Amino acid sequence: MTNIVYIATSLDGFIADKDNKVDWLHDIPNPEGSDLGFADFMARIDALVMGRNTLKIVLSFGIDWPYSKPVFVLSNTLTQVPEGLEGKVFLVKGPLKEVLTQINNQGYHELYIDGGKTIQGFLKEDLIDELIITTIPVLLGGGIPLFGELASPLKFKHVKAERLVDYLIQNHFIRQR
């Protein structure tokens, strides 16, 4: 079982701006339309786990549902899957370790963990195995941080850095236990 974060941050470590927007992610010139390795990453995962707020942001893009893999949405308040996403989105709640057991028991073992609160929650419980973080060269000066407080340090080994489209740096880290 592997829980992987694949996310972009600003230089100052934010994943969304002060208005919870992510428009700045698309300001980098990408004339060839590279997906920056996202398709290869998606090919290696079985399912996604995200929070309600991340689901809301994805739905706000006004595009067709972008995921071909099952998406498990952590929420204590949602009672039904958004219309049209039945069979694609599944609501889960409870302690993270129990949620993971439930997802793993359904045959999903390589999980993409997405969303600020969700990632922070997984890190607090030491449930992240890999971090793939792409740094966008912009300072937002505030917003939603990728990382939050931890009870104790978590050590990761840096295994790869890649420069993408002459602007971005993608760093890959593996959890050292």
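Just so it is clear, the structure is predicted and the values come from calculations on it, not from any experiment. (Residues numbered from 1 in each chain as written. Predicted model: local features only at pLDDT ≥ 70, side-chain atom pairs only at ≥ 80, totals over all residues. Heavy atoms only, no water.)

K.L.:
Explain the pattern of salt bridges here, please?
P.N.:
Pairs may arise between side chains of opposite charge once their charged atoms sit close together. As enumerated under the stated definition, the model contains six salt bridges in all. Here Asp-129 makes a salt bridge to Arg-177, at a shortest N to O gap of 2.9 Å. Within this pair, whereas Asp-129 is found in the loop between helix 4 (116-124) and strand 7 (130-136), its partner Arg-177 is found in the segment after strand 10 (168-175), the two being separated by 48 residues in sequence. As a salt-bridge pair, Lys-160 and Glu-162 come within 4.0 Å of each other at their nearest N and O atoms. By relative accessible area, which is 44% here, Lys-160 ends up partly exposed. It is possible to trace a salt-bridge network through shared partners that takes in Asp-126, Asp-129, Arg-175 and Arg-177. (Salt bridge = Lys/Arg side-chain N within 4 Å of Asp/Glu carboxyl O. Helix = DSSP H or I, 4+ residues; strand = E, 2+ residues; numbered from the N terminus. Buried < 20%, exposed > 50% of the residue type's maximum accessible area, 1.4 Å probe, protein only.)

K.L.:
Would you take a moment to explain the pairing of strand 7 for this structure?
P.N.:
For a regular strand, side-chain orientation follows a simple rule: the groups alternate between the two sheet faces. The element strand 7 is extensively covered by neighbouring structure, given that six of its seven residues are classed as buried. The sheet contact formed by strand 1 (residues 2-10) and strand 7 spans seven bridges and is parallel. Each bridged residue has a counterpart across the sheet, and for Val-5 the counterpart in strand 7 is Leu-131. (Pairing = 2+ DSSP bridges.)

K.L.:
Could you clarify how one ought to interpret the nonpolar core in this entry?
P.N.:
Burial of nonpolar side chains together is a common tendency in soluble globular proteins. In this structure, Val-49, Ile-113 and Phe-122 are the most contacted members of the largest nonpolar core, which totals 23 residues. Listing elements by their share of this core, those giving two or more residues are strand 1, strand 3 (47-51), strand 4 (71-74), helix 3 (96-105), strand 6 (110-114), helix 4 and strand 7. No other element matches the four residues that helix 3 contributes to this core. One finds Met-42, Leu-48, Tyr-67 and Val-73 within the second-largest nonpolar core, a separate group that totals 18 residues. (Core = buried A, V, L, I, M, F, W, Y, C linked by side-chain atoms within 4.5 Å.)

K.L.:
Help me understand the packing of aromatic side chains, please; the structure alone is not making it clear to me.
P.N.:
Each aromatic ring pair is described using two quantities: the centre-to-centre distance and the angle formed by the ring planes. In total, this model carries nine aromatic pairs according to the counting rule given. A centroid spacing of 6.4 Å and a plane angle of 40 degrees characterise the contact between Phe-38 and Phe-41, whose relative ring orientation is tilted. Taken as a pair, Phe-38 and Phe-41 lie in helix 1 (residues 38-44) at a separation of three residues, close to a single helical turn. The class of Phe-38 is partly exposed, set by a relative accessible area of 27%. These aromatic residues form a ring-pair network of at least three members: Tyr-6, Phe-38, Phe-41 and Tyr-112. Geometry around Phe-156 places Arg-175 over its ring, the cationic atom sitting 5.8 Å from the centre. (Phe/Tyr/Trp six-rings, centres within 6.5 Å; stacked < 30°, edge-to-face > 60°. Lys NZ or Arg CZ within 6 Å of the ring centre and 35° of its normal.)

K.L.:
Could you clarify how one ought to interpret unusual backbone geometry in this entry?
P.N.:
Both trends apply: most residues other than glycine have a negative phi, and most peptide bonds are in trans. In this structure, Leu-36 takes a positive phi of about 60 degrees despite not being glycine. Following the sequence through the fold, Leu-36 ends up in the loop between strand 2 (14-16) and helix 1. Residues other than glycine seldom take positive phi values, yet Val-165 does so here, at roughly 40 degrees. Within the fold, Val-165 resides in the loop between strand 9 (156-164) and strand 10. Judged by its relative accessible area of 26%, Val-165 falls in the partly exposed class.

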